[in-house]
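Summary of structural features
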Number of protein chains: 2
Amino acid sequence: MNIRIYNARILTMEENRPLFEGELHVRENQISYVGPELHKEAKELADVSWDREIDAQGNVIMPGFKNAHTHSAMTCLRSYADDLPLLDWLNKQVFPMEAKLTPEDIYHLSKLAILEYLTSGMTANFDMYLTPDTVAQASLDCGFRTVMCGGLNNFSQSFEELEEWYRKYSDPESLVTFRLGFHAEYTNSRENLEKLSALAHKYQAPMYTHNSESRSEVEGCLERYGMTPTALFEALGMFDFGGAGFHCIHMTDEDLDILKKRNVYVVTNPGSNTKLASGIARIEDMLKCGVHVAIGTDGPASNNCLDMFREMFLVTGLAKLRADDASAVDANQVLRMATVEGAHAMGLPNCDVLAEGKLADLIMIDLHQPNMQPLNNITKNIVYSGSKQNVKLTMVNGRILYENGEFYVGTPAEEIYAKANEIVSRMKKS
Amino acid sequence: MNIRIYNARILTMEENRPLFEGELHVRENQISYVGPELHKEAKELADVSWDREIDAQGNVIMPGFKNAHTHSAMTCLRSYADDLPLLDWLNKQVFPMEAKLTPEDIYHLSKLAILEYLTSGMTANFDMYLTPDTVAQASLDCGFRTVMCGGLNNFSQSFEELEEWYRKYSDPESLVTFRLGFHAEYTNSRENLEKLSALAHKYQAPMYTHNSESRSEVEGCLERYGMTPTALFEALGMFDFGGAGFHCIHMTDEDLDILKKRNVYVVTNPGSNTKLASGIARIEDMLKCGVHVAIGTDGPASNNCLDMFREMFLVTGLAKLRADDASAVDANQVLRMATVEGAHAMGLPNCDVLAEGKLADLIMIDLHQPNMQPLNNITKNIVYSGSKQNVKLTMVNGRILYENGEFYVGTPAEEIYAKANEIVSRMKKS
């Protein structure tokens, strides 16, 4: 498809390029032009037969949000187990229910999450879940971009599977790719961690894991190894090729120095951290010492929604509360985390900004809504005041998957809802 | 208008009445039936000629949210002054800009806020602002329900005005009413506070004010009077007839006992408190000692949006973080604060629940959206996962003011946006 979007306010998210009025062209799955409005006779316009020309009516076109940490198929557990501390929630509610999921269930439940990502302007997710093959199929069938990662632990996934998936989903041109990863320090033996490190070195690959989400997790690691999870990972050389830690709440200064040194991203998950009372991450300290921060929703069982607007407000709001300083972590920094930093954390360098040759993963933000008025500062409006209601269009890889409240993902939304409710009924009965 | 809404899930918010499937009738501005689906021949159906019969398609009908503390016309300052601590923000940015507002500006800017309230399912607001007459006119012209309150301080509003407005807007049947109120302890002389107390006693009326929003406010009061603002108000008899305190963050146990004793509501404003780094209110302690809590957005200059869904998640999330306990303040408690407690705090006893004879202030929550699926627990879905995108219909006083993204408030939304931008341009230039 060749799509022209004109009469737009464009926020490319390139550094030092402020919002401007102009147009953007998509040819197949790439951006072919982004700049000022063109005259009718301009070469860029005359040479192309447009499948669609969209009048953006002054709305904002910007890169899609990147959900840099989630567990999509946990949609089945939304509003099922709540109001419990992390480890009780995980051991008593989540793990027993997850044991009942089939790979096919995970396919349908992942699709439900994809619908929600689209309503929130997310164009890619980073998904740690049990059966990568059906997670991948859900994304391919919807046309959504997903980076999967291993979730190896003592009782599920094997090293053979990890390597198999890593090789199978290695085409960087595909909508679905796979990264090395494990659930967490506290669910893996030392032997596992050493073998994971060897794997990272074998492929010179980045590594991904939950890190220092709860105080008890860090205390347990200190007891077991005499060091924090971050220091342990460093001692084992697990992040010698970068990657990311999810949550990273209870971190020492030395931990942050290690992340900085290894160029390991922090993916912060403030919605989940708030609801599980896990704590407030040291985002301002991280930024000050040069650690890169991206944002994730975590799974719908803990959050419970998949909404980048809520996460963005929480990132800035909790940072301000933590620092006792209303100037901590401002809107520009947060919007960068939700877009550019997210893409880089996930290993998607071609989805970070709007520029010629980049992949066409973008959204339209509706300014014709009361929460976006007046137009004092559009970035602040988006971060401090934005909501799912402002997402007018979500395009992934050059295809419009969501527009004016309608989904274009191959399967009717109502079918996906029905399937999710069917799965939940069965799980509760068995 | 006589309106029948059928095929609905109804959450009346009456105590001990769980969600049920049924229908609800509105005759003029009141609810005339709420109960199970009726047979075609039922008397309640046959006697009425319906102006509209609405198939709710299984969606939720519930009381509208009550925004129990706001400053609507501050929409002009949304995304204008951010990332500043409370007192700097107030003295350097807010007060100088507000000085430029005309009563007519306040009319238009209040309307912009009303549009946003409707998109968030709010059916009433409690509005402290400079010129009650034009605030009232905005609400009357839109058909929105507003309780105004005085904002007297050393440099604006007079006792004569306060009494005049109190008497002028005293009709409890009107969409607009007025309550006694003052800005805060720190912006009023002792003489003012004593005269306010006399006024409360003269009319045996509840009193409303900002209370203990920042640490420095409490410290200042301790220096001036040797007691906290709450203890001072009690010593002066200012809340002998109830009312509410907005924010109430830095409160002692003794302060909470006073609120309990005088049946003074706390209106919590977590969005604003987070963004201004004011602190986290002691909501769990308040509930435990029997203090009633309602929820407000505060004004759009500090929040910056007017979104009850964001506030509800923040109430529970921040309470969990503060208590270091994921079970603190659950979804049922929060939904009650946003509806029933809000109505009572504002003095709107006929807008609290859905029942025969109550005013028809209600909303329809769209469950046919991915963030509301699966239907494990609808209350939790609304509080933990809901968003403006789920508000399908907002009815105030029996009139539908918002439905499927369209406003029915007399003036086109685009005109209201244009007016707000015009006012802002003028303010910035002068």
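Preceding block: the structure.
Notes on the structure follow. Residues take numbers from 1 onward in each chain, read along the sequence in its written order. Whichever chain is written first becomes A and whichever ligand is written first becomes 1, with later ones labelled in order. Side-chain atom pairs in this predicted model are given and counted only at pLDDT of 80 or more, local residue features only at pLDDT of at least 70, and totals for whole chains, interfaces and linings cover all residues. In computing side-chain values, all of the structure's heavy atoms are included and hydrogens and water are not.

1. Structural notes on the sheet that holds strand β10 (residues 207-211) of chain A
Remark on secondary structure: sheet strands pair via backbone hydrogen bonds, oriented parallel or antiparallel. All names here are of chain A. Whether two strands pair depends on DSSP finding at least two bridges between them. Labels follow the DSSP assignment, with helices taken as runs of H or I lasting at least four residues and strands as runs of E lasting at least two, numbered in each case from the N terminus. The strand order across the open sheet formed by eight strands is β6-β7-β8-β9-β10-β11-β12-β13, and the pairing between neighbours is parallel. Unpaired on one side and paired on the other, β6 (65-70) and β13 (293-295) mark the two borders of the sheet. In this sheet, adjacent strand axes meet at a mean angle of 25 degrees when their direction is disregarded. In the sheet, strand β7 (residues 122-128) pairs with strand β8 (residues 145-149) via five bridges, with the strands oriented parallel. From the neighbouring strand, D127 faces β8, where its bridge partner is M148. Simply put, an axis is a line fit to the C-alpha atoms, just over the touching stretch for a helix, and the angle between two N-to-C directions goes from 0 to 180 degrees.

2. Concerning the sheet that holds strand β12 (residues 264-268) of chain B
Residues and elements named next belong to chain B. Spatial ordering of the open sheet is given by β6-β7-β8-β9-β10-β11-β12-β13, a layout of eight strands whose pairing is parallel. In this open sheet, the two strands that pair with only one neighbour each are β6 (65-70) and β13 (293-295). Across the sheet, the axes of successive neighbouring strands diverge by a mean angle of 25 degrees, strand direction being ignored. By the bridge criterion, four bridges tie strand β8 (residues 145-149) to strand β9 (residues 176-182) in an arrangement that is parallel. The residue of β9 that forms the bridge with M148 is F178. Residues count as neighbours in contact if any of their non-hydrogen atoms are within 4.5 Å of one another. Contacting β7 (122-128), β8 and β9, helix α4 (residues 132-142) runs over the sheet at an angle of about 170 degrees to β8.

3. A word on empty space enclosed by the protein
Detection works on a 1 Å grid of protein atoms alone, calling trapped sets that fit a 1.4 Å probe cavities and calling open sets with protein on both sides within 12 Å along at least five of seven lines pockets, with lining residues defined by an atom within 4 Å of a point. Grid points are joined across faces, edges and corners, and a volume is the space filled by probe spheres set on the points. Enumeration over the complete set of coordinates arrives at five cavities of 30 Å³ or more. As a volume, the largest cavity reaches approximately 120 Å³. If you trace the largest cavity, you find it lined by C305, D307, F309, R310, G386 and S387 of chain A together with D307, F309, R310, G386, S387 and K388 of chain B. Secondary-structure elements contributing two or more residues to the lining of the largest cavity are α12 (308-323) of chain A together with α12 (308-323) of chain B.

4. Side note on the pattern of salt bridges
Each reported salt bridge corresponds to a side-chain nitrogen of Lys or Arg within 4 Å of a carboxyl oxygen of Asp or Glu. Taken as a whole and assessed by the stated rule, the structure comprises 55 salt bridges over all chains. In this structure, E403 of chain B engages R52 of chain B in a salt bridge whose closest nitrogen and oxygen atoms are separated by 2.8 Å. A residue pair is termed long-range when its members are at least 10 positions apart, and E403 of chain B in strand β16 (residues 399-403) and R52 of chain B in strand β4 (residues 52-55) qualify at 351 residues. For E403 of chain B, a relative accessible area of 13% translates into the label buried. Partly exposed describes any residue whose relative accessible area lies between the buried limit of under 20% and the exposed limit of over 50%, with all areas from a 1.4 Å probe on protein chains only and scaled to the type maximum. Relative accessible area serves as the criterion here: at 31%, R52 of chain B is assigned to the partly exposed category. One network of salt bridges, in which partners are shared, links E234, D240, K261 and R262 of chain A.

5. A word on the relation of the copies chain A and chain B
For the least-squares superposition of copies, only C-alpha atoms count, and only for residues with pLDDT at least 70 in both. Mapping chain A onto chain B calls for a screw motion: a turn of 180 degrees about the axis and a shift of 0.0 Å along it, with 0.0 Å RMSD after fitting. In symmetry terms, the pair is related by a two-fold rotation axis. In terms of proximity to the rotation axis, the leading residue of chain A is Q389 of chain A, whose C-alpha is 2.4 Å off the axis. Both copies present the same face, since 98% of the interface residues in chain A are matched by interface residues at the equivalent positions in chain B.

6. Some thoughts on the pairing of β9 of chain B
Residue and element names in this part refer to chain B. Judged by how many residues are buried, β9 sits mostly within the fold: seven of seven residues are covered. Neither face of β9 is exposed, since V176, F178, L180 and F182 on one face and T177, R179 and G181 on the opposite face are all buried. Alignment of β9 against strand β10 (residues 207-211), held across three bridges, turns out to be parallel. Each bridged residue has a counterpart across the sheet, and for G181 the counterpart in β10 is Y208. Crossovers are described as right-handed under a simple rule: with the strands pointing away from the observer, the path leading from the first strand over the helix to the second runs clockwise. Once you follow β9 into helix α6 (residues 190-203) and on to β10, the crossover reads as right-handed.

7. Some thoughts on the packing of aromatic side chains
Residue and element names in this part refer to chain A. Geometry of aromatic contacts follows a simple scheme: Phe, Tyr and Trp rings, the Trp one being its six-membered ring, pair when their centres are within 6.5 Å, and the pair is stacked under 30 degrees between planes, edge-to-face over 60, tilted otherwise. For the structure shown, the criterion picks out 22 aromatic pairs over all chains. An angle of 20 degrees between the planes, with centres 6.5 Å apart, marks the rings of Y208 and F246 as stacked. Of the two residues, Y208 is situated in strand β10 and F246 in strand β11 (residues 243-247); the sequence distance between them amounts to 38 residues. The buried category is assigned to Y208, whose relative accessible area is 3%.

8. Brief notes about the packing of α12 of chain B against helix α13 (residues 331-346) of chain B
Residue and element names in this part refer to chain B. Contact pair α12 / α13: the axes reach a minimum separation of 10 Å and the direction vectors enclose 135 degrees. Classed by the angle they form, the pair α12 and α13 counts as oblique. As for the relative orientation of α12 and α13, their crossing is right-handed in sense. On the side of α12, the interface is formed by M308, M312, V315 and T316, while α13 contributes V334, L335, M337 and A338. What sets the label is the angle itself: under 35 degrees gives roughly parallel, over 145 gives roughly antiparallel, 65 to 115 gives roughly perpendicular, and the rest give oblique. In a left-handed crossing the near helix is turned counterclockwise from the far helix by less than a right angle, and in a right-handed crossing that turn is clockwise.

9. Overview of the side chain of N192 of chain B
Residue and element names in this part refer to chain B. Mapped onto the elements, N192 comes out in helix α6. Classification of N192 by relative accessible area gives buried; the value is 12%. Setting aside anything within four residues of it in sequence, one finds N192 in contact with L152, N153, N154 and F159.

10. Quick look at the nonpolar core
Among the buried residues, those of types Ala, Val, Leu, Ile, Met, Phe, Trp, Tyr and Cys that are joined through side-chain atoms within 4.5 Å form a nonpolar core. F65 and M312 of chain A together with F65 and M312 of chain B are the most contacted members of the largest nonpolar core, which totals 226 residues. What M312 of chain B contacts, discounting residues up to four positions off in sequence, is F65, I295, V334, L335, A338, I382 and V383 of chain B.

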